[in-house]
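# Coordinate inspection notes
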Amino acid sequence: MAFVVFVYVLFPYDLLQQRLMEWASRDGIQLVLTRLRPAFPPGLRAEGIRLQVDQFSLSDATMSIETLRVHPEWLALLSRKMQVRFEAGLYRGRLEGEARYTKVEGAPLWEVKTRFADLDMTQYALLRRDGKAFIRGRLGGDATATLTSDGDMQDGSLNLRVQSVVLVSVPGWQLQLPREIACDTLQGELKTPAKQAGTVALTCQGKDLFIDGRGTVAWKIPLADSQLNVRWQVRSEEAYKPELDLLATVVRRRPDRRGEISFRLQGPLRQLRTGA
């Protein structure tokens with residue numbers, strides 16, 4: 001027991017931190033760990049985690065985690081199974097989940113399941129422009145992913161849920177909203193099957209307001225070259241008629257008798273365009 005405690009405390013965590021960053025940083029993605037130390041109950045505690053994609057500025061991390069704690073399932077280890085649990089604090093909310101090592105047709109895989117709640121969307125860098133957030137709300141949901149031993153994703157899914165979300169115009173947008181747009185509920189879904197284009201769906205509903213987008217996304221490296229093809233339906237009879245008229249001028253579509261506009265958003269993420 002004394003030897004185990006000795007190894008646990010004096011383990012070269014700085015070297016492990018460096019190896020983890022080198023393993024995860026590739027193909028235009030960079031992982032930064034500010035601090036990696038032992039935790040109690042026995043496990044690891046990481047601080048200042050940033051996942052950076054080359055296409056974005058250094059201040060716009062794709063994901064930023066304040067603290068992450070990882071604990072192995074000791075009973076699973078006794079039965080020769082590898083399984084860990086983790087908890088994280090990020091964007092003033094929380095995330096928890098588990099990862100399990102398995103083999104499918106002889107190929108080693110990691111199955112990851114996560115749940116997150118109460119994430120402050122105004123703190124997410126990619127939802128901000130010039131220091132101002134264009135979406136306000138508290139995000140919750142769940143995600144699953146199957147990864148190879150090299151970290152490549154085999155398949156995955158993401159479900160999002162937000163109660164009371166607000167869309168705000170920011171300087172530099174082609175569509176300048178004269179006021180905030182409020183949704184009572186916002187739900188989103190993203191599925192990425194193995195070796196196929198993913199499907200994406202997003203629905204926002206409010207008082208006399210309905211926004212729905214459904215389509216596909218083909219992920220590529222670099223990320224900005226990923227291809228998006230989503231058809232949008234936006235409807236409001238009276239409450240947001242001025243905003244609907246502004247949207248009509250941008251997408252060059254006229255609302256129908258129900259106050260609905262349908263258009264398509266497609267192309268690479270770096271240069272999206274509208275169509276019929």
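In case you missed it, the structure is sitting above this.
The following paragraphs examine the structure supplied in this document. Since the model is a prediction, treat every value here as computed from it, not as a measurement.

### What about the overall build of the protein?
When helices and strands are tallied, the protein shows 4 helices and 16 strands. With the C-alpha coordinates aligned to their principal axes, the bounding extent of the protein is approximately 75 × 40 × 30 Å. When burial is assessed residue by residue, the protein has 35% of its 276 residues classed as buried. Relative to all contacts within the protein whose residues are 6 or more apart in sequence, the contacts with residues 24 or more apart total 42%. Of the roughly 17000 Å² of accessible surface on the protein, 56% is carried by carbon and sulfur atoms.

### Looking at the side chain of His71
Structurally, His71 can be placed in strand 3 (residues 63-72). Ignoring anything within four residues of it in the chain, the contact list for His71 reads Ala39, Pro41, Pro42, Gly43, Val84, Arg85 and Glu87.

### Description of the pattern of salt bridges
For the structure shown, the criterion picks out 18 salt bridges. Of the charged contacts in the structure, one is a salt bridge between Lys241 and Asp245, with a shortest N-O distance of 3.4 Å. Placement of both Lys241 and Asp245 in helix 4 (residues 241-251) is noted, with a separation of 4 residues, approximately one turn of the helix. Relative accessible area serves as the criterion here: at 40%, Lys241 is assigned to the partly exposed category. Here Arg258 ties to Glu260 by a salt bridge, and the two come within 3.0 Å at their closest N and O atoms.

### A few points about helix 2 (residues 13-24)
With 12 residues, helix 2 should cover 16 Å at 1.5 Å per step; its first-to-last C-alpha distance of 16 Å lies within 8% of that length. Listed in full, the buried residues belonging to helix 2 are Tyr13, Gln17 and Met21. For helix 2, the arc enclosing every buried residue in end-on projection is 80°, short of the 170-degree limit, so these residues lie on one face.

### Regarding the state of the cysteines
Under the criterion given, the structure shown has 1 disulfide. Each sulfur in the disulfide pair Cys183 and Cys204 lies 1.5 Å from the other. One end of the pair, Cys183, is in strand 11 (residues 181-192); the other, Cys204, is in strand 12 (residues 198-206), with 21 residues separating them in the sequence. In terms of burial, Cys183 and Cys204 fall into one category: buried.

### Looking at the pairing of strand 5 (residues 93-104)
For a regular strand, the rule is simple: side chains alternate between the two faces of the sheet. Strand direction decides the pairing type here: strand 4 (residues 83-90) and strand 5, joined by 8 bridges, are antiparallel. Across the sheet, Phe86 pairs through a bridge with Gly97, a residue of strand 5. Once strand 4 ends, the chain turns through 2 residues before running back antiparallel as strand 5, passing Tyr91 with a positive phi of about 50°. As judged from the 11 bridges shared by strand 5 and strand 6 (residues 107-120), these two strands associate in the antiparallel manner. What sits directly across from Glu98, in strand 6, is Lys113.

### Side note on the nonpolar core
If you look at the biggest cluster of nonpolar residues, it comprises 45 residues, and the most contacted ones within it are Ile49, Leu68, Leu90, Ile261 and Phe263. Aside from chain neighbours lying at most four places away, what touches Ile49 is Leu31, Val32, Leu33, Met63, Ser64, Ile65 and Leu68.

### Some details on the packing of aromatic side chains
A complete count under the given rule lists 3 aromatic pairs for this structure. Here the aromatic rings of Tyr101 and Trp110 are separated by 5.4 Å at their centres, their planes lie at 65°, and the arrangement is edge-to-face.

### Structural notes on the environment of Lys103
Relative to the helices and strands, Lys103 is located in strand 5. Counting along the chain gives 93 residues from Lys103 to Gln196, while the straight-line C-alpha distance between them is 22 Å.

### Observations concerning helix 4
Those residues of helix 4 not exposed but buried are Glu243, Leu244, Leu247, Ala248 and Val251. Seen along its axis, helix 4 keeps its buried residues to an arc of 145°; they face one direction. In this structure, the buried residues of helix 4 make contact with strand 11, strand 14 (227-235), strand 15 (260-268) and strand 16 (273-275). In the segment just after helix 4, Arg252 is the residue with positive phi, at about 60°.

### Digging into the environment of Val251
Tracing the sequence through the fold places Val251 in helix 4. Residue classification places Val251 among the buried positions, given a relative accessible area of 5%. When the C-alpha positions of Val251 and Thr102 are compared, they lie 48 Å apart, and in sequence the two are 149 residues distant. Contacts of Val251, omitting those with residues within four sequence positions, involve Ile261, Phe263 and Thr274.

About the thresholds
Residues numbered from 1 in each chain as written. Predicted model: local features only at pLDDT ≥ 70, side-chain atom pairs only at ≥ 80, totals over all residues. Heavy atoms only, no water. Helix = DSSP H or I, 4+ residues; strand = E, 2+ residues; numbered from the N terminus. Buried < 20%, exposed > 50% of the residue type's maximum accessible area, 1.4 Å probe, protein only. Contact = heavy atoms within 4.5 Å. Areas by Shrake-Rupley, 256 points an atom, 1.4 Å probe, with all protein chains shown as cover. Salt bridge = Lys/Arg side-chain N within 4 Å of Asp/Glu carboxyl O. Expected span 1.5 Å × (residues − 1). Arc of directions from axis to C-beta. Disulfide = S-S within 2.5 Å. Pairing = 2+ DSSP bridges. Core = buried A, V, L, I, M, F, W, Y, C linked by side-chain atoms within 4.5 Å. Phe/Tyr/Trp six-rings, centres within 6.5 Å; stacked < 30°, edge-to-face > 60°.

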